[in-house]
Amino acid sequence: MQPPLARGRLPAIPTAKVLLGLAVASWLAFLLIALTGRSLHEATSGDNSLLFQLVLFGVAFACYLTAIRVAVKLPPGRRLLALIVVPAIAFRLTLLFSDPIEEIDLYRYLWDGAVLDSGISPFRHSPRQILEASLNDELPVDLRQLVMLRESSPPLHAILRRIHFGDLPTIYPPVSQAVFAAVDRVTPTDASVGVRMRLMRAAFIGFDICTLLILLRLLQLTGLPLGWAIAHAWCPLVVKEIANSGHLDSLATLLTVMSMCLALRYDPRRVSTRRCAVLFGSVAAAGTLALAVGAKLYPIILIPVLFAIFSRQYGWRIAGGLVGMAVVLSLVVIWPMMPTGNLEPIKPDSIPLVVNNEPPLPPEDVSLTAKDPSQSLRAF
């Protein structure tokens, strides 16, 4: 027989039910964001102000921070995994069907994918060169092919016109370009701009869900509470930037987390397996980090972290060899972005920016020669 409740004290609500309630409240906030989001270009976007959007994100963040405190107290098990993973997928799918809020990077991804899928390097010609060129001009073979691509597809023509910093060739590294091209390959040729954007964002959502699953494994390897996975799974900033904005950082994040997980999973002091398997895991960790650099450059700052992990496992000499391999592979992966030797000077006033409401100046003559692949990287 249970003792009677103390006067004025309410029965405690199980923390799992609290987490479920927070998930529902967060999903409702994301649903309203999806229904009212305002796009820069799409006519079907919502009419509410960004202030209203910020209020909704504030609600989602409040639920998120509370959920972290609740989740880390729950015991590991299938119920906790379901409460973390299922809402995370629901949040992302909800924003997948929304218009990107004040975002334009996706247009560059889509055009780059179409260019590479045509067998042409996206580092050679800028969007403005392709817009200004005419089939009546004497054009290089690859530029003529891109102009024909522009003319043959109205959605791609619209995408091309919406690209920001159109005077510069692409800045996105080759591993990301491979993903862009793969998405373009599976996209129907008559797909609208909106459908193309959703397919690209769906790929990034898939990478992000894989990152979450690897994080769960990483938490197991480090002995930390599995509830900490909710710090990534429910984060409104992550959900918005990947599922709504469609930023490719999910690919770099996936490869980076995978590299760290491989380095810890095949720790020779931790696992009882054959030496060749341990060595393979370490080489795979170094190679995966190189691919992460090839996705978005900044994972290169984690090279010292990888060196520290390998130093504890093998000593500094073997660690130096593995990290050296990672650096060499990184250089190989980003080689298409390297300067060709014909560096063009970059003038601050050569990149058009809208600074007021005055009409833009008439465009100057556009060179039809191929760009230096490193021009965008030097400019940014």
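Here goes a summary of the coordinates provided. Note that this is a predicted model, so its numbers are computed, not measured. Along each chain, residue indices are assigned from 1 in the same order as the chain's sequence is written. For a predicted model such as this one, the threshold for reporting local features is a pLDDT of at least 70, and the threshold for listing and counting side-chain atom pairs is 80 or more; totals across whole chains, interfaces and linings nevertheless cover every residue. Side-chain numbers come from the whole structure's heavy atoms, not from hydrogens or water.

## Re the overall build of the chain
Consideration 1: A count of helices and strands for the chain gives 16 helices and zero strands.
Consideration 2: For every residue, the accessible area obtained with a 1.4 Å probe (protein chains only) is divided by the maximum for its type, and the residue is called buried under 20%, exposed over 50%, and partly exposed between those limits. A burial count over the chain gives 47% of its 380 residues as buried.
Consideration 3: Partitioning the intrachain contacts of the chain with sequence separation of at least 6 by distance along the chain shows that 79% fall at a separation of at least 24.
Consideration 4: When the accessible area of the chain is evaluated, it comes to approximately 19,800 Å², of which 65% is carbon and sulfur surface. Helix and strand definitions here come from DSSP, where helices need a minimum of 4 consecutive H or I residues and strands a minimum of 2 consecutive E residues; each element is numbered from the N-terminal end. The contact criterion used throughout is that any non-hydrogen atoms of two residues lie within 4.5 Å. To measure how exposed things are, a 1.4 Å probe is used in the Shrake-Rupley method; for residues, cover is taken only from the protein chains shown.

## Structural notes on the packing of helix α4 (residues 105-117) against helix α7 (residues 154-161)
Consideration 1: The convention used is that axes are lines fitted to C-alpha atoms, helices contributing only their stretch in contact, and that angles between N-to-C directions extend from 0 to 180 degrees. Packing of α4 against α7 brings their axes to within 9 Å, and their N-to-C directions diverge by 130 degrees. Considering their axes alone, α4 and α7 lie oblique with respect to each other. Every pair of crossing elements has a handedness; the one defined by α4 and α7 is left-handed. Here Tyr 107, Leu 110, Trp 111 and Ala 114 of α4 lie close against α7, whose contacting residues are Leu 156, Ile 159 and Leu 160.
Consideration 2: In the scheme used here, Gly and all other residues not listed as nonpolar or charged are polar, with Ala, Val, Leu, Ile, Met, Phe, Trp, Tyr, Cys and Pro taken as nonpolar and Asp, Glu, Lys and Arg as charged. Here the residues of the contact of α4 with α7 are counted per class, giving seven nonpolar, no polar and no charged. Reported orientations rely on four angle classes, namely roughly parallel under 35 degrees, roughly antiparallel over 145, roughly perpendicular from 65 to 115, and oblique for the rest. In this scheme the crossing of two helices becomes right-handed for a clockwise turn of the near helix relative to the far one and left-handed for an anticlockwise turn of less than a right angle.

## Remarks on a nonpolar patch on the surface
Consideration 1: Taken together, the side chains of Leu 20, Val 24, Trp 27 and Leu 28 present a nonpolar region at the surface, about 350 Å² in accessible area.
Consideration 2: Residue placement: Val 24 occurs in helix α1 (residues 15-36).
Consideration 3: Given a relative accessible area of 44%, Val 24 falls into the partly exposed group. Each patch groups residues whose relative accessible area exceeds 30% and which form no salt bridge, using 9 Å between like charges and 5 Å between nonpolar side chains of Val, Leu, Ile, Met, Phe, Trp and Tyr. We define a salt bridge as a contact between a side-chain nitrogen of Lys or Arg and a carboxyl oxygen of Asp or Glu at a distance within 4 Å.

## A few points about helix α8 (residues 174-186)
Consideration 1: Expected span, for any helix, means 1.5 Å times one less than how many residues it has. With 13 residues, α8 ought to run about 18 Å at 1.5 Å a step, and its terminal C-alpha atoms sit 19 Å apart, in line with that.
Consideration 2: Along α8, the residues classified as buried are Pro 174, Val 175, Ser 176, Gln 177, Val 179, Phe 180, Ala 181, Val 183 and Asp 184.

## Looking at the nonpolar core
Consideration 1: Counting residues in each nonpolar core, the largest one holds 100 residues, and the members touching the most others are Leu 19, Trp 111, Phe 204 and Trp 234.
Consideration 2: With 13 residues, the top contributor of residues to this core is helix α9 (residues 193-222).
Consideration 3: Residues in contact with Trp 111, not counting those within four places in the same chain, are Ile 130, Leu 146, Leu 149, Leu 156, Ile 159, Leu 160 and Ile 163. Residues grouped as a nonpolar core are buried Ala, Val, Leu, Ile, Met, Phe, Trp, Tyr and Cys residues, joined through side-chain atoms within 4.5 Å.

## Notes on the pattern of salt bridges
Consideration 1: If you walk through the whole model with that rule in mind, you get nine salt bridges.
Consideration 2: Two residues, Asp 117 and Arg 185, come together in a salt bridge whose shortest N-O distance is 2.6 Å. Within this pair, whereas Asp 117 is found in helix α4, its partner Arg 185 is found in helix α8, the two being separated by 68 residues in sequence.
Consideration 3: Of the charged contacts in the structure, one is a salt bridge between Arg 128 and Asp 167, with a shortest N-O distance of 3.1 Å. Of this pair, Arg 128 sits in helix α5 (residues 127-132) while Asp 167 sits in the loop between α7 and α8; the two residues are 39 residues apart in sequence, bridging distant segments of the chain.
Consideration 4: One network of salt bridges, with partners in common, ties together Glu 103, Lys 240 and Glu 241.

## Observations regarding unusual backbone geometry
Consideration 1: You will see that Glu 102, though not glycine, has its phi angle at about 50 degrees, which is positive.
Consideration 2: We classify Glu 102 as partly exposed; its relative accessible area is 32%.
Consideration 3: A positive phi angle, near 50 degrees, is found at Leu 297, a position not held by glycine.
Consideration 4: Its place among the elements puts Leu 297 in the loop between α13 (275-296) and α14 (303-314).
Consideration 5: Using a relative accessible area of 24% as the deciding quantity, one classes Leu 297 as partly exposed.

## Description of the side chain of Ser 126
Consideration 1: Take Ser 126: it is sitting in the loop between α4 and α5.
Consideration 2: With relative accessibility at 2%, the residue Ser 126 sits in the buried group.
Consideration 3: N or O atoms within 3.5 Å of each other form a polar contact, as long as, within protein, one can give a hydrogen and the other can take it, and as long as residues adjacent in sequence are counted only when both atoms are side-chain atoms. One polar contact links the side chain of Ser 126 to the main-chain carbonyl oxygen of Gly 166, over a distance of 3.5 Å.
Consideration 4: Residues contacting Ser 126, with those up to four places away along its chain left out, are Gly 166, Asp 167, Leu 168, Pro 169 and Lys 371.

## Examining the environment of Ser 259
Consideration 1: With respect to the element layout, Ser 259 can be found in helix α12 (residues 249-265).
Consideration 2: Taking relative accessible area as the criterion, Ser 259 reaches 0% and is therefore assigned buried.
Consideration 3: Apart from residues lying up to four places away in sequence, Ser 259 is in contact with Ala 285, Thr 288, Leu 289 and Leu 306.
Consideration 4: A polar contact is formed between the side chain of Ser 259 and the backbone oxygen of Ala 285, at a distance of 2.7 Å.

## A word on the side chain of Arg 92
Consideration 1: Secondary-structure assignment places Arg 92 in helix α3 (residues 78-96).
Consideration 2: A polar side-chain atom of Arg 92 sits 2.8 Å from the main-chain carbonyl oxygen of Ala 233.
Consideration 3: Apart from the residues within four sequence positions on either side, Arg 92 is in contact with Ile 205, Asp 208, Ile 209, His 232, Ala 233, Val 238, Val 239 and Ala 243.

## Focus: α7
In an α-helix, one full turn covers 3.6 residues, which means residues spaced three or four apart are oriented alike.
Consideration 1: Those residues of α7 that sit buried are Pro 155, Leu 156, Ile 159 and Leu 160. Viewed end-on, α7 has its buried residues packed into an arc of 140 degrees, placing them on one side of the element. When the buried face of α7 is taken as reference, the exposed residues oriented beyond 90 degrees from it are Pro 154 and Arg 161.
Consideration 2: Buried-residue contacts for α7 involve α4, α5, α6 (141-152) and α9. Directions from the helix axis toward the C-beta atoms define the arc.

## Describing empty space enclosed by the protein
Consideration 1: Cavity: a set of points on a 1 Å grid over the protein atoms alone where a 1.4 Å probe fits but cannot get out. Pocket: an open set with protein on both sides within 12 Å along at least five of seven lines, its lining residues, like those of a cavity, having an atom within 4 Å of a point. Grid points are joined across faces, edges and corners, and a volume is the space filled by probe spheres set on the points. What the rule picks out here adds up to one cavity of 30 Å³ or more.
Consideration 2: Estimates place the volume of the largest cavity at around 50 Å³.
Consideration 3: Forming the walls of the largest cavity are Arg 108, Trp 111, Asp 112, Val 115, Ser 121, Pro 122, Arg 124, His 125, Pro 127, Ile 130, Leu 146 and Thr 170.
Consideration 4: Here the element with the most residues in the lining of the largest cavity is α4; it accounts for four residues.

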